[in-house]
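A structural walkthrough
Chain residues, written in single-letter form:
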Amino acid sequence: MLDTLLRILALTRKELLAVLKDRRARVSLFIPPIIQGLIFGYAATYDLNHVPYAVLDQDRTSASREFLAGLDGSGVFERVGNLHSAQDIRTYIDQRRALLVVQIEQNFERKLQLGQTADVQIIADGRNSNTAGTASSYITAVVSNFNEHWRKDHGLPAAVLTSTDRAWYNPNLDTRWNMIPGLIGQLAMFQTLLLTAMSVAREREQGTFDQLLVTPFRPFEIMAGKAMPSMLVGIVQATGVFLVAQLWFRIPFAGSIITLYSGLLVFLLAAIGIGLLLSAVASTMQQAMLYALLLIMPFSLLSGLTTPLNNMPRALQYLTAINPLRYAIDIARRVYLEGAGLHLLSHDLLPLALIAAVTLSAASWMFGHRMT
Amino acid sequence: MRTDALQSHPRLRRVIALVVKETRQVLRDPSSIAIGVVMPLILILLFGYGLSLDVKNVPVALVVEDTSSTAMELVAGFQLSPYFNAQITHSQPPAERMMLEHTVDAIVRIPSDFARHVNEGSAQVQVLLHGGDANRARIIQGYVQGAIQAWNVRQAAQGRAMPSGSVSIQSRLWFNDANESHYFLVPGLIVLVMTLIGALLTAMVMAREWERGTLESLFVTPVRTEEILLGKTIPYFLLGMIGLALCIVSAKFLFHVPLRGTLPALLGASILYVLVALGIGLLISSSVKNQLVASQLAMLATFMPAMMLSGFLFDLRSMPTAIRLITYVLPARYYVTLLQTIFLAGNVWGVIIPNMLVLMTMIALLGIGSRAVTRKRLD
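Here the structure is a predicted model, which means the values were calculated and not measured. Every residue gets a number counted from 1 within its own chain, in the order that chain's sequence is written. Lettering of chains starts at A and numbering of ligands starts at 1, both following the order in which they are written. Residue-level local features of this predicted model are given only where pLDDT is at least 70; pairs of side-chain atoms are given and counted only at 80 or more, and the full residue set underlies all totals for whole chains, interfaces and linings.

The subject of this paragraph is the nonpolar core. The term nonpolar core refers to a set of buried Ala, Val, Leu, Ile, Met, Phe, Trp, Tyr and Cys residues connected through C-beta atoms within 7 Å. Our exposure labels follow a C-beta count within 10 Å of each residue's own C-beta, placed from the backbone: buried means 20 or more other C-beta atoms, exposed means 12 or fewer, and partly exposed covers the counts in between. Of all hydrophobic cores here, the largest spans 203 residues; its most connected members are Ala292 of chain A together with Ala106 of chain B. Comment: elements are numbered from the N terminus, with helices defined as DSSP H or I runs of at least four residues and strands as E runs of at least two. Take this core: its biggest share by element is 21 residues, from helix H8 (residues 182-212) of chain B. Ignoring any residue separated from it by four or fewer positions in sequence, one finds Ala106 of chain B in contact with Val58, Val60, Val127, Leu128, Leu129, His130, Ile140 and Val144 of chain B. Listed in part, the 35 residues of the second largest apolar core include Ala63, Leu99, Val102 and Ile122 of chain A. Contact between residues is assigned whenever the C-beta positions, reconstructed from backbone atoms, fall within 7 Å.

In this section: the sheet that holds strand E3 (residues 106-110) of chain B. Two strands pair if DSSP finds at least two bridges between them. A sheet is described by the order of its strands in space; here 5 strands give the open sequence E5(A)-E4(B)-E3(B)-E1(B)-E2(B), paired in mixed fashion. Sheet topology places strand E5 (161-168) of chain A together with strand E2 (84-89) of chain B at the edges, where each strand pairs with a single neighbour. Along the sheet, successive strands turn relative to each other by an average axial angle of 25°, direction set aside. Here the axes come from fitting lines to C-alpha atoms, over the contacting stretch only for helices, and the angles between their N-to-C directions go from 0 to 180 degrees. Contacts from helix H5 (residues 92-100) of chain B reach E5 of chain A together with strand E1 (58-64), E2, E3 and strand E4 (123-130) of chain B within the one sheet, and its direction differs from that of E1 of chain B by about 165°.

Turning to the environment of Ser32 of chain B, a few remarks are in order. All names here are of chain B. Relative to the assigned elements, Ser32 resides in helix H3 (residues 30-50). On the neighbour-count criterion, Ser32 (21 C-beta atoms within 10 Å) is buried. Taking the C-alpha atoms as reference points, Ser32 and Val104, separated by 72 residues in sequence, lie 45 Å from one another.

Here we take up the domain arrangement of chain A. According to the domain assignment, chain A contains domain 1 (2-44 + 174-369) and domain 2 (51-153). Relative to domain 2 of chain A, the C-alpha centre of domain 1 of chain A lies at a distance of 48 Å. Where each domain starts and ends comes from a domain assignment, either automatic or drawn from a database.

Another point: the domain arrangement of chain B. Taken domain by domain, chain B holds domain 1 (2-51 + 180-376) and domain 2 (58-157). Summarising the inter-unit geometry, the C-alpha centres of domain 1 of chain B and domain 2 of chain B are found 49 Å apart.

The next subject is the interface of chain A and chain B. Each partner contributes residues to the interface: chain A has 95 residues there, and chain B has 88 residues. In terms of residue class, the side of chain A that touches chain B is made up of 49 nonpolar, 33 polar and 13 charged. The nonpolar class holds Ala, Val, Leu, Ile, Met, Phe, Trp, Tyr, Cys and Pro. Asp, Glu, Lys and Arg form the charged class, and all remaining residues, Gly among them, are polar.

It is worth spelling out the packing of helix H2 (residues 23-43) of chain A against helix H7 (residues 176-206) of chain A at this point. All names here are of chain A. Put simply, H2 and H7 touch, their axes get as near as 10 Å, and they point 150° apart. Judged on the interaxial angle alone, H7 and H2 are roughly antiparallel. Here H2 runs over H7; the crossing is right-handed. The residues of H7 that touch H2, namely those facing Leu29, Pro33, Gln36, Gly37, Phe40 and Gly41, are Ile180, Leu183, Leu187, Ala188 and Gln191. Angular relationships are summarised with four words: roughly parallel below 35 degrees, roughly antiparallel beyond 145, roughly perpendicular across 65 to 115, and oblique for the angles in between. Each helix crossing is assigned a hand: it is left-handed if the near helix lies turned anticlockwise from the far helix by less than a right angle, otherwise right-handed if that turn is clockwise.

All names here are of chain A. Put simply, helix H10 (residues 257-281) and helix H13 (residues 324-338) touch, their axes get as near as 10 Å, and they point 170° apart. Here H10 lies roughly antiparallel to H13, going by the angle between them. Taken together, the residues of H13 that come into contact with H10 (itself represented by Thr259, Leu260, Gly263, Leu264, Phe267, Ala270, Ala271 and Ile274) are Pro324, Tyr327, Ala328, Ile331, Ala332 and Val335. Split by residue class, the contact of H10 with H13 holds 12 nonpolar, 2 polar and no charged.

Moving on, we get to the sheet that holds strand E1 (residues 51-57) of chain A. The mixed open sheet is built from 5 strands, whose spatial order is E2(A)-E1(A)-E3(A)-E4(A)-E5(B). At either margin of the open sheet sits one strand with a lone partner, and together these are strand E2 (77-82) of chain A together with strand E5 (166-174) of chain B. Between one strand axis and the next, the sheet turns through 30° on average, direction left out of account. Where strand E4 (residues 117-125) of chain A and E5 of chain B come together, 9 bridges link them in parallel fashion. Residue pairing for E5 of chain B: Val120 of chain A is matched across the bridge by Ile169 of chain B. Sitting on the sheet, helix H6 (residues 129-153) of chain A is in contact with E1, strand E3 (100-104) and E4 of chain A together with E5 of chain B, with an inclination near 170° to E5 of chain B.

We now examine helix H4 (residues 69-80) of chain B. All names here are of chain B. For H4, which comprises 12 residues, the first-to-last C-alpha distance of 16 Å matches the rise-based estimate of 16 Å (1.5 Å per residue) to within 8%. Among the residues making up H4, those that are buried are Thr70, Ala71, Leu74 and Phe78. In an axial view of H4, the angular spread of the buried residues amounts to 105°, which keeps them on one side of the axis. Seen from the open side of H4, the exposed residues pointing more than 90 degrees away from its buried face are Ser69, Ala76 and Leu80. Summarising the contacts, the buried residues of H4 are in contact with E1, E2, E3, helix H6 (114-120) and helix H7 (134-157). By definition here, a helix of n residues has an expected span of 1.5 Å times n minus one. What the arc covers is the set of directions going from the helix axis to the C-beta atoms.

Right, let's get into the environment of Val37 of chain B. Residues and elements named next belong to chain B. Within the fold, Val37 resides in helix H3. Judged by the 15 C-beta atoms lying within 10 Å of it, Val37 is partly exposed. Counting along the chain gives 202 residues from Val37 to Leu239, while the straight-line C-alpha distance between them is 8.1 Å.

Within E4 of chain B, 6 of the 8 residues are buried, which leaves the element mostly enclosed by the surrounding structure. Note: E5 of chain A against E4 of chain B, 8 bridges, orientation parallel. By the bridge assignment for E4 of chain B, Trp168 of chain A is matched with His130 of chain B. For E3 of chain B and E4 of chain B, the ladder comprises 4 bridges, and the chain directions are antiparallel. From the neighbouring strand, Arg109 of chain B faces E4 of chain B, where its bridge partner is Gln126 of chain B.

This is the structure we're talking about:
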């Protein structure tokens, strides 16, 4: 037992030396996740804070000015032009000078005073329909605010039915709150998987793997010795991104750090298992790298980070069951925002543990049985 | 006649020889085929079918504590809406349990005194949103507001409520009337595929030649540096064009994304971008000369930014200034703008020309750069 442990530790030490001896390799392992965490943390948000818009005010009354003041004062909308005819709308939208054009009809004020419904036309650039939709929803909020004030100021009855909205876990519906926790798994997976996939393939290409097999090491010990360094690298990378989220972006953390790290540990084991299996299958470094890249891309795209999982067709959703990143992102978000404990995360942890168990045992079996 | 022409142009002959050699290498190397053809196909299918930001059939729990006809009218509004998939409960705890398990995205609670308040002229429903996905939650919030608004309008129309002046919004989404998210996701996919073939594949292949020392042996032949670079570029450029053809055909016929601009404009923009991506791939591989580092760098420098910083998913204008400055040096940003415009808006020259000029400048700079890096190692 002790021998096994000592052998694993010796192999781990050797592996770590091989990975970290080169200064460039050290830098390329630890700096990119932190920089990416910072940059993508800022970039990856669906919230808008600068929406350029143009106005075609065909009413030009105090009511229409009051309406526009509501937009200008929202802190989100920036007026980039006052249009004089409907022909100008096309220029502003086509040339991307404005994301939306607000068109206020004639008789806007009169209709309001008569208690009728006054129309405001919003023309949005649908080239990115998600952004346009978000901007329109901001306008809706400005409009209902205006309506409320207008009615109050003019002694009109308020709308019969209104709603009080509250959001659980993310009161201001800030998309950064669920993007940045997701980045922890996303950024840690890339290099962990690649590094693991290369580790055995490198030895095989250089012929040192056969030497390793004739030493007293058992396949299981080789597997563990190869998995340990990647695990350390993965944990350090995840911690880097976690610190960026905590110290720089100050994302509120509702759960416990122990739960988060337990989840990350199981996730990294699964990712490493997949990496080792690739490594066992591949015979050259190039193949290993290629297999890893071929997997990493669908893993990242189908993880639920940028587009929700339940928007995917059923068949594809089943396919994502083997994607460890999907579970890691769910764990990170739920621990962060919902403060979920381990018992609530079992539907994430169990599949991850299963992936880890299957891939790791398959990899160690292949180490013992596949000679090239 | 043709041979004569070639004989008298040794440069052309050498370049052609290199291209032939390189093409054979690509065809015989399964990894190039994997990245150049298999990966684009996988991405096309995943993107076209897998990714969607559309919010439809939202599961909501309706807590109906009031069973009066007034309340049921509101309930019916939710049940008939194509946006909602309403599940009715009669008390709050089961609804909250569904929310905790995240089987519903929102709870709409109609309190027991609802009808009474409606008669008094002011009623409220409570809306609870699951903030686990904030983008989705905000869209759902908009749908709920819409349902409430519709109820108010109906009440007023039936003469049960006093009409009162209010502003109503008529929204129109130009270029994408149906509000289909794959209209902008599929052009984004083309950017990713072109980046992959142009930068990642080239970086890996060139780095492998450096690693194996086969590039140095080329240097002792009469072939010039720029001829080597050209010989390397042309086959991968052609591979990129195959990827592009796959993407355009599937965008048009599989996913029915309209192409409102012209094909020449689309091809022109794509050719420029592939050249930029190739330039980056050459530059990376010639500077690091190691497959692993080159492929990581290519991923970090091209693929991830093409996804996160190009404006294809996330709005560039809302990023902080420092991050926005970074996006200006990324070619993907210009290509995304070009593609979204050419596909959905048409040939808007005011957008196309400036963006193409930037890509051309980048090609020139990268060409000079990779030549300098390659020549330096000759000495």
